[in-house]
Amino acid sequence: MSSTQGGAEPIAVVGSVAFDTLETPHGRADDELGGAATHFAVAASFFAPVALVAPIGDDFPQAALAYLAERGIDCTGLERRAGKTFRWHGRYHEDMNKRDTLHLDLGVFATFAPTVHEAIRRAPYLFLGNIDPVLQRSVLEQFASPRLVGLDTMNHWIAEARAPLEALLSRVDILVINDEEARELSGEDNIVRAARRILGYGARSIIVKRGEYGAILFSPESVFAVPAFPLERVFDPTGAGDTFAGGMMGHLAATGDVSHANLRRAIVYGTVLASFVVEDFGGRRMRTLDRDAIEQRYRQFVALTTF
Ligand code: AMP
C-alpha cells in the first residue's frame, strides 16, 4: 500500500500512460509500463494522493491497473477506449543524456479530449504532463482554482505549438523543462538568459533539468541549484524528469507549503526520487522503493551538499 503522509493534499496529473520499449547501453526491455503521467503519479504517490488522467487502450492489462491502485493512485480518470495504449520506443546513446525516439504510436491518445471528473477537478495541485498544449489548456480550464500548477513540455510542442504553449505559461507556477528545451523555447543559448526570458513569458518559476548535472530553479527573486545524486551506475534514465516532478510536487502537496524555502526542499525530494528510478529499466525500481529509503537518501543528499 502507499504510505502517504496524513493531511497531504491531492494532486491531479494529466499526460501519457504508455508501454515503452527501452534500449540503453545496459540492455533492452519491452512493454514496460511507462508514460510521463505514470512516472509522475508513481513518484508523487509516495507523498500524497494522486489522480491520474489519461486514455488507455483495450489492451491495458489488469495487472498494471492493480499496481497503480496498490500505490494508492486514483485511476477513475483513466479512460479506457477502443484501440491501443500509447507506445514509445526509445534508444539511449553511450552518453545517456542523449536519446532517440525510434518509434511512437499515439494509439488512443490521438483522439483524446479529456473531461476531468468533478471530484478530480477539486485537486489543489495540478501537473500538466508533456502533451499537446491545447489539451493541457483544456484540462487546466476544468480546474476551478488550483493552488499550484506545474507544466512539462518537449521540443516537439515548442516547435509545433508555440503559440498555445506560450499562452499557457502565464498560468503556470512551475515550468519543468530540460536545458535543450529551455534553449529552444527562449532562443537563448545560455541557460541563465534562457530562464530569464521564459520568466518574462509569465511562468512564475522554472526548473531546468540538466540530466546527470542536476537541476536549477529560477524565479524572479532567486536561483537555486542542486546536483544530481551521484550514482555509480545509471541503468536507464527513462522517466527521470517525470519522476523528479512527481517527487517535487508530492512533497509540496504533502506539506501544503508552497513557500520558496519549501520548494527548495521539494526539488531535493524530486532529485532523490529521480535518482532511484534510473537504477533499473522503466519504473521497475519504484516497485520496491519505500519511504525509509527515500528519507535515507534525502539525508545523504543534505550531507553531500552541506559545507
Ligand atoms: P522522460 O524520460 O522523463 O522524458 O519520460 C519518458 C516517458 O515519456 C516514457 O515513459 C514515454 O512513454 C513518455 N513519452 C515519450 N515521448 C512522449 C510524447 N511524445 N508524448 C507523451 N509521452 C511521451
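Structure's up top.
Keep in mind that this is a model prediction, so the values were computed, not measured.

Visitor: Describe the pattern of salt bridges, naming the residues involved and giving the relevant values.
Guide: If you walk through the whole model with that rule in mind, you get 17 salt bridges. We note a salt bridge from Glu-279 to Arg-285, for which the minimum N-O separation is 2.9 Å. Classification of Glu-279 as partly exposed rests on a relative accessible area of 25%. Via salt bridges that share partners, Glu-23, Arg-28, Asp-30 and Arg-91 belong to a single interconnected network.

Visitor: Residues and numbers for the sheet that holds strand β4 (residues 50–57), please.
Guide: Strands sit in the order β5-β4-β1-β8-β9-β10-β11-β12-β13 across an open sheet of nine strands; the sheet is mixed. This sheet does not close on itself; its edge strands, each paired only once, are β5 (78–81) and β13 (223–226). Within the sheet, the average angular offset between the axes of one strand and its neighbour, ignoring direction, is 15 degrees. As judged from the four bridges shared by β4 and β5, these two strands associate in the parallel manner. When the sheet's bridge partners are listed, Pro-55 is paired in β5 with Glu-79. Helix α10 (residues 260–277) rests against β10 (174–178), β11 (205–209), β12 (215–218) and β13 of the sheet, and its axis sits at about 20 degrees to β13.

Visitor: Outline helix α2 (residues 62–70), listing residues and values.
Guide: Among all positions of α2, only Ala-64, Leu-65, Tyr-67 and Leu-68 are buried. Summarising the axial view, the buried residues of α2 lie within an arc of 160 degrees, below the 170-degree limit, and thus occupy one face. Exposed residues on α2 whose side chains face more than 90 degrees from its buried face are Gln-62 and Ala-63. Where α2 is buried, its residues touch β3 (27–34), α1 (36–44), β4 and β5.

Visitor: Would you mind going over the site of the ligand in detail, with residue names and values included?
Guide: Residues in contact with the ligand amount to 19 residues; listed here are only the nearest, Ser-16, Asp-20, Gly-35, Gly-239 and Asp-242. Gly-35 has a polar backbone atom sitting 2.7 Å from an oxygen atom of the ligand. Here an oxygen atom of the ligand sits 2.7 Å away from a polar atom, N or O, in the side chain of Asp-242. Notes on the ligand: free accessible area 510 Å², of which the protein chains cover 87%.

Visitor: Give a detailed account of the pairing of strand β8 (residues 125–128), specifying residues and quantitative values.
Guide: Here β8 shows no split at all, with Tyr-125 and Phe-127 on one side and Leu-126 and Leu-128 on the other all buried. In this sheet, strand β9 (residues 148–152) lies alongside β8 in parallel orientation, the contact comprising four bridges. Bridge pairing in β9 links Leu-126 to Val-149. Viewed along the sheet, the connection from β8 through helix α4 (residues 133–140) into β9 turns out right-handed.

Visitor: So what's going on with the nonpolar core? Residues and values would help.
Guide: Counting 61 residues, the largest nonpolar core has Ile-11, Leu-52, Met-248, Ile-267, Met-286 and Ile-294 as the members making the most contacts within it. If you tally residues by element for this core, the top one is α10, at 10 residues. In contact with Ile-11, not counting residues within four places along its chain, are Phe-40, Ala-44, Ala-48, Pro-49, Val-50, Ala-51, Ala-123, Tyr-125, Met-249, Gly-250 and Ala-253. In terms of nonpolar packing, the next biggest core, distinct from the first, is built from 46 residues, Ala-51, Ala-123, Ala-194 and Phe-235 among them.

Visitor: Which residues make up the sheet that holds strand β6 (residues 86–92), and what values go with them?
Guide: If you walk across this open sheet you meet the four strands as β3-β2-β6-β7, and the pairing is mixed. With one partner strand each, in any of the chains shown, β3 and β7 (99–105) form the two edges of the open sheet. Across the sheet, the mean angle separating the axes of adjacent strands is 15 degrees when strand polarity is ignored. Where β6 and β7 come together, six bridges link them in antiparallel fashion. Paired with Arg-91 across the bridge in β7 is Asp-100.

Here is what the cut-offs are and how they apply
Residues numbered from 1 in each chain as written. Predicted model: local features only at pLDDT ≥ 70, side-chain atom pairs only at ≥ 80, totals over all residues. Heavy atoms only, no water. Salt bridge = Lys/Arg side-chain N within 4 Å of Asp/Glu carboxyl O. Buried < 20%, exposed > 50% of the residue type's maximum accessible area, 1.4 Å probe, protein only. Pairing = 2+ DSSP bridges. Helix = DSSP H or I, 4+ residues; strand = E, 2+ residues; numbered from the N terminus. Axes fitted to C-alpha atoms, helices over the stretch in contact; angles between N-to-C directions. Contact = heavy atoms within 4.5 Å. Arc of directions from axis to C-beta. Near = heavy atom within 4 Å. Polar contact = N/O pair within 3.5 Å; in protein donor to acceptor, adjacent residues only side chain to side chain. Areas by Shrake-Rupley, 256 points an atom, 1.4 Å probe, with all protein chains shown as cover. Right-handed = clockwise from strand over helix to strand, strands pointing away. Core = buried A, V, L, I, M, F, W, Y, C linked by side-chain atoms within 4.5 Å.

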